[in-house]
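Each chain is listed here by its residues.
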Amino acid sequence: MDIQNVPKIGISSVVHSKHIDFKKIDVVDNDIALFDTESVISLYNGPSKMEVLTIGLCLEGEGAFNISLREFHLSPGVMVVALPNQIIEHRYFSPDYKGIFFAVSKNVFETLPKMGNMLSLFFYLKDYPCFNLAPHEQEVVKEYHVFVRKRLRDKEGTYRREVVLGLMQGFFFELCNIFNNHAPAAAASPKAKSRKEYIFERFYESLVESYQSERSVQFYADQLCLTPKHLSGVVKEVSGKTVGEWIDEFVILEAKALLNSSSMNIQEIADRLNFANQSFFGKYFKHYTGMSPKEYRKSR
C-alpha cells in the first residue's frame, strides 16, 4: 500500500511526506508503525494531532513536550503514552536524545483484548501519560521494539501482518502489567483534590471535548452548573489563566496542528473549528500568532 495515497487517518495521519521520509519508518498497512529518534524529532516539528495511540521510551538524553497544552519531561527510562486525538508539540530534545516509538491505529487498538477497566485506564493516562520504568520493564519494551521491527522489515513474509499483530497483542499484555505496577502507586501519590481543583478538572475535560465548536464561557459554565463568573474565578485561581485564554489556546493549537499536518484547505479548517467564514478565522488566527493561516502553513 502506498501510504502517501491513503486518507490521513491511522498511521498516515502520522507519516506524511511534508516532515519525514516515510521510507525510513517501518509500517504495516495503515495500522502499525515503528519510529526511530530522527523520524520522531522531525515529526513533532510543530503541533500534531494524530489518530493513533503512540508509545515511546526515552533511552538517552532529555526532552520536553506538551500534550494538550500540558508540559511533560522525558529522561532515560521514562515511557510516554499519547492517546488518539491528543495534540502533541515537542518543546525540545537534547542533542544526545535517543528513543524508540510505536504507533498503533485506533482500528487495531480496538481489536486487541480488553484488559481490566480500559475506560478508567484511559482517563488515568490523560492525566498521567508518563511512567518511570524499572530496568526490567525497559528491557521488555526494547525487546518488543526490536522483534516487531524485524518482522515489519520482512516484506516477503506471507503472514507478515498477522505475525506483527500477534506480537503487538503480546506487547499490550506486557504494557498492562506495567500499568498495573505503576498506576496504583501514582494514583495514590497526589493529595486529595480541593473543590476548586475538581471544578477545574471538569472544566478541562469539557473543554477538550467541545472546544472545536464551543467558545463561550457560558457554555462551559452551564456544563458544570455554575455561573460564568464563578467558573471564571475558579479557573483563573487554579490555573493562572482565564477560561477565555484556555479556549483560545486550544483553538489556536488545533488550527496550527491542522495547518501543520493535514491536507485540509483553510476554508475546511475554518469550518472544522466552527468559524463563520474563512476571513473571520484568518483574523482570529493572525491576532494570536502574528501571521495569517497561509503564512503559517508556508513557514512549516
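The structure displayed is predicted, hence computed values, not measured ones.

Conventions adopted
Residues numbered from 1 in each chain as written. Predicted model: local features only at pLDDT ≥ 70, side-chain atom pairs only at ≥ 80, totals over all residues. Heavy atoms only, no water. Helix = DSSP H or I, 4+ residues; strand = E, 2+ residues; numbered from the N terminus. Buried < 20%, exposed > 50% of the residue type's maximum accessible area, 1.4 Å probe, protein only. Polar contact = N/O pair within 3.5 Å; in protein donor to acceptor, adjacent residues only side chain to side chain. Contact = heavy atoms within 4.5 Å. Expected span 1.5 Å × (residues − 1). Arc of directions from axis to C-beta. pLDDT = per-residue confidence, 0-100. Salt bridge = Lys/Arg side-chain N within 4 Å of Asp/Glu carboxyl O.

Q: Can you break down the side chain of His-145 residue by residue, with the values?
A: Looking at the secondary structure, you find His-145 in helix α4 (residues 135-152). Of the residues examined, His-145 reaches a relative accessible area of 5% and is grouped as buried. Of note is the side chain of His-145, whose polar atom sits 3.5 Å from the backbone oxygen of Phe-101. Ignoring any residue separated from it by four or fewer positions in sequence, one finds His-145 in contact with Leu-34, Phe-35, Ile-100, Phe-101 and Phe-102.

Q: Give a description of helix α8 (residues 228-239) that names residues and reports values.
A: Here α8 contains 12 residues, and its C-alpha end-to-end distance of 16 Å stays within 8% of the 16 Å for a straight helix at 1.5 Å per residue. Three or more residues of α8 are buried, namely Leu-231, Val-234 and Val-235. The arc enclosing the buried residues of α8, seen along the axis, measures out at 95 degrees, which places them on a common side. Exposed positions of α8 whose direction lies more than 90 degrees from the buried face are Lys-229 and Glu-237. Just downstream of α8 lies Gly-240, where phi reads positive at about 85 degrees.

Q: Pulling in residues and values, what's your account of unusual backbone geometry?
A: Despite not being glycine, Cys-225 has its phi angle at roughly 60 degrees, a positive value. By relative accessible area, Cys-225 is classed as exposed at 71%. The backbone of Asn-274 shows a phi angle near 65 degrees, a positive value even though the residue is not glycine.

Q: Quick rundown of the confidence of the model for the chain? Include the residues and the values.
A: Predicted coordinates in areas of low pLDDT are best not read in detail. Looking at the chain, the pLDDT average stands at 80 and 79% of residues meet or exceed 70. Confidence, expressed as mean pLDDT per element, reaches its minimum in the chain at helix α1 (residues 37-43) with 63 and its maximum at helix α7 (residues 217-223) with 95. Segment residues 185-190: pLDDT under 50, and 3 contacts once partners within four positions in sequence are set aside and those in other chains are kept.

Q: Go over the pattern of salt bridges with me, naming the residues and quoting the values.
A: Inspection of the entire model under this criterion finds 7 salt bridges. Its salt-bridge partner being Glu-205, residue Arg-202 comes within 2.6 Å of it at the nearest N-O pair. Of this pair, Arg-202 and Glu-205 both sit in helix α6 (residues 195-210), 3 residues apart, roughly one helical turn. By relative accessible area, Glu-205 is classed as partly exposed at 26%. One network of salt bridges, with partners in common, ties together Glu-201, Arg-202 and Glu-205.

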